Amino acid sequence: MRYNILIGGPAGTGPNVLTHIFGESLVEKGYYVFYSRDYQSLIRGGHNFNLITFGDEPVFSNDSQIDVLVCLDENTEKIHKKNLKRDGVILSGQHENMFFAGRLFKIFCIDFKYLEKSLKKLEKRYEENILEAKEGYEKEKKEVCRVIERKSGNYFINGNIGISEGAIKSGLDIYYAYPMTPATSVLTELAQKQKENNFLVLELENELAVINAAIGSAITGAKSMIGTSGGGFDLMTEALSMTGQAEIPLVIFLSQRPGPGTGVATYTGQGDLQMARYSGHGEFSRMLLAPGDPIECEELTNQAFYFSQKYKIPAIVLSDKHLGESFYTLIEKAKILKVKQNTKLERYNSYEKDEFGSATEDAKIIEKNVIRRLKKKKDIKIESSKFERYKIYGKESKNVVVSWGSTKGAVLDAIKNLDACFLQIKYIEPFPTEIKKIIDGKNLILVENSVTGMLADIIAEKTGIFIDEKNKILRFDGRPFFADELKEEIERRIK
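A brief look at the structure comes next. Everything quoted here is computed from the prediction, not taken from an experiment. The written sequence of each chain sets the order in which its residues are numbered from 1. Confidence filtering applies because this is a predicted model: local features only for residues at pLDDT of at least 70, side-chain atom pairs given and counted only at 80 or more, and all residues used for totals across whole chains, interfaces and linings. Hydrogens and water are ignored here; the side-chain numbers use all heavy atoms of the structure.

1. Observations concerning the packing of helix H1 (residues 15-28) against helix H4 (residues 112-122)
Consideration 1: Between H1 and H4, the shortest axis-to-axis distance is 10 Å and the interhelical angle comes to 125°. Between H1 and H4, the angle is such that the two are oblique. The two elements H1 and H4 cross, and the hand of that crossing is right-handed. From H1, Val17, Ile21, Glu24, Ser25 and Glu28 reach across to H4, where they touch Tyr114, Leu115, Lys117, Ser118, Leu119, Lys121 and Leu122.
Consideration 2: Gly falls in the polar group here, along with every residue not listed as nonpolar (Ala, Val, Leu, Ile, Met, Phe, Trp, Tyr, Cys, Pro) or charged (Asp, Glu, Lys, Arg). Per-class residue counts for the contact of H1 with H4 are six nonpolar, two polar and four charged. Here, axes are lines fitted to C-alpha atoms. For helices the fit covers the stretch in contact, and angles between N-to-C directions go from 0 to 180 degrees. Comment: elements are numbered from the N terminus, with helices defined as DSSP H or I runs of at least four residues and strands as E runs of at least two. Throughout this description, any angle smaller than 35 degrees is read as roughly parallel, any larger than 145 degrees as roughly antiparallel, any in the 65 to 115 degree range as roughly perpendicular, and the remainder as oblique. Crossing handedness follows the turn of the near helix against the far one: under a right angle anticlockwise gives a left-handed crossing, and clockwise gives a right-handed one. A contact between two residues is defined here by any heavy atoms of the two lying within 4.5 Å.

The structure is reproduced here in structure tokens:
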């Protein structure tokens, strides 16, 4: 059982609210739900749509083919009708979004009480929403599927909520950011929770101010974190180098979108992998962690705080729009480490310094400092081996799909019933070089939202094993992978 519903309309007509209400109700009834958002950089108008996929087994991505098409305007039907299944259903007409909510709940035989409960949470326009929803519910006569009551202990969050929770549970003291899609929702999520959790959220005038203010807070002992996307991260790189030189702990949330330049600001991509690895001048230690679902967002943010405090380094958590804004049904809870504050107020210097913190150009001291700072790489690699730096899914196979980040969901759904396993890389730096034993002699298939397949370059660099160009499944149009289409691509490359 697996159903795909597309809900589309202009910005401002409420496709997001309708999608979330429907998704939450399905999760409450015991189903597994995943939904993603596709929207233009417009406040009103244009064409936005959400894809929601649900079933009675875990689901982590969407399919390209649609069972139910909900049209909040005529344009939605024109654009997406070609992807409707032969027996698919179209819900259309000149009505408000809650009228369609009623119809949607009815065709899946979901009791109206679930919709009423969700509308009470919204508070705004409650009476109008109830009337519209009841009208839609009563008028709808079709039945697509009878959604029955199932046991549920699941919860429903997106990647950016996971990032926020990981920071809070790590003892975050202060979060700085300048709004930049798709990192902005972490700023707003944390801002709403700062009083109850006793930390501070500050929106500053630009990214230069953000990272330098965070450095100032960090050297006083505050657990500091910043968030941005690629263009903002570019501006931060000089200060990033200073954190390495002065040995200042800082957690950086980097949420990717397509570039270069402005790119397409509200879409997704994985093109910043090498930038995150190499940005900054000189040589210094850093960590680069890449979660693939909201639980990992929470856990790896927590681990970023742990390592940055212990080793006084910058730690980057690399996500993207698709992971950050898509909602996943989760069963397990994140495993959280206690993070000790490990910084004291003393003299810091962006110059090479002596034992008193004073600037120096003494050759022996410089050499000693460089060796000491870079030794952290070795120490971090040893300690990181205690953590789950990579994960293997599926039965052992000669066909190994390799990926990282948000593509995890589509890969997991795509390899079901295929002779292939999945190797997910979670630690990019330090890289788990021991995977060489796993992938040596195997038919490697790369899946990545980029034009060059950067993970393949890193694997070659770290293990000496190359992935055939024909085995690179790449998508770089700003859109995520669909599970059904990805399955066909993987099947063509299986030996």
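2. Some points on helix H6 (residues 159-169)
Consideration 1: Only protein chains enter the accessibility calculation, which uses a 1.4 Å probe. A residue is then buried if its area is under 20% of the maximum for its type, exposed if over 50%, and partly exposed in between. Across the 11 residues of H6, 10 count as buried, placing the element largely inside the fold.
Consideration 2: Gly159, Asn160, Ile161, Gly162, Ile163, Ser164, Glu165, Gly166, Ala167 and Ile168 are the residues of H6 that are buried.
Consideration 3: In this structure Asn158 caps H6, since a side-chain oxygen of it lies 3.2 Å from the backbone nitrogen of Asn160.
Consideration 4: Where H6 ends, the next residue or the one after it, Gly171, has phi of about 90°, a positive value. The term polar contact refers here to a pair of N or O atoms within 3.5 Å; inside protein, the definition further demands a hydrogen-donor-capable atom paired with an acceptor-capable atom, and it admits residues adjacent in sequence only when both atoms are side-chain atoms.

3. Details of the packing of aromatic side chains
Consideration 1: Aromatic pairs are defined between Phe, Tyr and Trp rings, using the six-membered ring for Trp, whenever the two ring centres lie within 6.5 Å; interplanar angles under 30 degrees are classed as stacked, those over 60 as edge-to-face, and all others as tilted. This structure, assessed with the given rule, holds 18 aromatic pairs.
Consideration 2: Taken together, a centroid distance of 5.2 Å and an interplanar angle of 90° make the contact between Tyr306 and Phe307 edge-to-face.
Consideration 3: We classify Tyr306 as buried; its relative accessible area is 19%.
Consideration 4: Site record: aromatic cluster; members linked through ring pairs are Tyr3, Phe22, Tyr31, Phe54, Phe105 and Phe108.

4. Section: the nonpolar core
Consideration 1: To define a nonpolar core, start from buried Ala, Val, Leu, Ile, Met, Phe, Trp, Tyr and Cys residues and group those joined through side-chain atoms within 4.5 Å. Grouped together as the largest cluster of nonpolar side chains are 79 residues, with contacts concentrated most on Ile5, Phe22, Phe54, Leu104, Phe108 and Tyr175.
Consideration 2: It is helix H11 (residues 294-311) that provides the largest number of residues to this core, a total of eight residues.

5. Considerations on the sheet that holds strand S5 (residues 84-91)
Consideration 1: Read from one edge to the other, the open sheet built from seven strands follows the order S5-S4-S1-S3-S2-S13-S6, with strand pairing classed as mixed. Single-partner strands in this sheet number two, and they are S5 and strand S6 (155-158). Here the average twist between neighbouring strands, direction ignored, is 20°.
Consideration 2: Of the pairings in the sheet, the one linking strand S4 (residues 66-71) to S5 comprises four bridges and is parallel in character. Strand pairing is assigned whenever DSSP detects at least two bridges linking the two strands.

6. Some details on the environment of Thr19
Consideration 1: Along the polypeptide, Thr19 turns up in helix H1.
Consideration 2: Taking relative accessible area as the criterion, Thr19 reaches 0% and is therefore assigned buried.
Consideration 3: When the C-alpha atoms of Thr19 and Ile5 are compared, they prove to be 9.1 Å apart, with 14 residues separating the residues in sequence.
Consideration 4: Ignoring anything within four residues of it in the chain, the contact list for Thr19 reads Ile7, Tyr35, Asn50 and Ile52.
Consideration 5: At 2.7 Å, the side chain of Thr19 forms a polar contact with the backbone oxygen of Pro15.

7. What about the environment of Ile365?
Consideration 1: Relative to the helices and strands, Ile365 is located in helix H13 (residues 363-384).
Consideration 2: Residue classification places Ile365 among the partly exposed positions, given a relative accessible area of 28%.
Consideration 3: Sequence separation of Ile365 and Glu355 is 10 residues, and the distance between their C-alpha atoms is 9.0 Å.
Consideration 4: Ignoring anything within four residues of it in the chain, the contact list for Ile365 reads Lys353, Asp354 and Thr360.

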